[in-house]
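# Close look at the chain arrangement
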Amino acid sequence: MKRPERRSGASGAVVRGWLDEVWGRTEAAVVLEGGENGGPLAERGLIGEVFDAEGLAELRALTTTGEFVDDICRCFGSVTIALLDAEGEFIGAGSVHGRTDVSWERGRFGNNLEVADPERLARFLERLGVWMR
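The sections below set out a description of the structure shown in this document. Every residue gets a number counted from 1 within its own chain, in the order that chain's sequence is written. Selection of residues for local features in this predicted model requires a pLDDT of at least 70, selection of side-chain atom pairs for listing and counting requires 80 or more, and totals for whole chains, interfaces and linings are taken over all residues. Computation of side-chain values covers all heavy atoms of the structure but excludes hydrogens and water.

All right, on to the pattern of salt bridges then. For this document, the term salt bridge refers to a Lys or Arg side-chain nitrogen within 4 Å of an Asp or Glu carboxyl oxygen. Evaluation of the coordinates by the stated rule reveals five salt bridges. A salt bridge links R74 to D71; its shortest N-O distance comes to 3.2 Å. Here the salt bridges share partners, and the residues they tie into one network are E58, R120 and R127.

Below, the structure is given as structure tokens:
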């Protein structure tokens, strides 16, 4: 018996459109403790931050380039990358799953991005003091 194709959430094109819009308004990014089960973003521990344009451009490329898997990881994720606008308000967040996936707004989109360069993302996070296991 052939199984139907699994489709749990928004298409990659929809998520990419949202990513383009939200990253276009991003003035800073922070790495926060915990994944999907970490509670409200404002109440989590801060473990890394990016304010400079070069760092933001690198983080954007590392967390938005790759292929959407049309599914989500079943774990909660390890840390969360949260994006902030010019007023310091949270405008988007993605949890990091393993060393390979970022789930942007998982409850909203339900579609993990398998990042194109997971080793480079891990090195970037390590420079911020975030050690991925």
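Glancing now at the packing of aromatic side chains. Whether two aromatic rings pair depends on their centres lying within 6.5 Å, for rings of Phe, Tyr and Trp, where Trp uses its six-membered ring; planes under 30 degrees apart make the pair stacked, over 60 edge-to-face, and the rest tilted. Counted by the stated rule, this structure contains three aromatic pairs. Ring geometry for W18 versus W104: centroids 6.3 Å apart, planes at 55°, classification tilted. One end of the pair, W18, is in helix α1 (residues 12-24); the other, W104, is in strand β6 (residues 101-104), with 86 residues separating them in the sequence. Relative accessible area serves as the criterion here: at 10%, W18 is assigned to the buried category. Residue classification places W104 among the buried residues on the basis of a relative accessible area of 1%. Seen from their ring centres, W23 and W104 are 6.3 Å apart, and the 80° between their planes marks the pair as edge-to-face. With W23 in helix α1 and W104 in strand β6, this residue pair connects regions lying 81 residues apart in the sequence. Of the aromatic side chains, those joined through ring pairs into one cluster are W18, W23, W104 and F109. Segments assigned H or I by DSSP are reported as helices when at least four residues long, segments assigned E as strands when at least two residues long, and all are numbered from the N terminus. Only protein chains enter the accessibility calculation, which uses a 1.4 Å probe; a residue whose area is less than 20% of its type maximum is buried, one above 50% is exposed, and one in between is partly exposed.

Now for the environment of A116. On the secondary structure map, A116 appears in the loop between β7 (113-115) and α4 (118-127). Of the residues examined, A116 reaches a relative accessible area of 52% and is grouped as exposed. Remark: the alpha-carbon pair of A116 and E67, spanning 49 residues in sequence, is separated by 7.3 Å. Contacts between residues were defined by any pair of non-hydrogen atoms, one from each residue, lying within 4.5 Å. Excluding anything up to four places from it in sequence, A116 contacts T65 and G66.

Here the focus is the side chain of T64. For T64, the position within the fold is in helix α2 (residues 53-64). With residues near it in sequence (within four places) discarded, T64 still touches R16, L19, W23 and L113.

On to the environment of D70. Residue placement: D70 occurs in the loop between β3 (66-68) and β4 (79-84). Spatially, the C-alpha atom of D70 lies 16 Å from that of A116, the residues being 46 residues apart in sequence.

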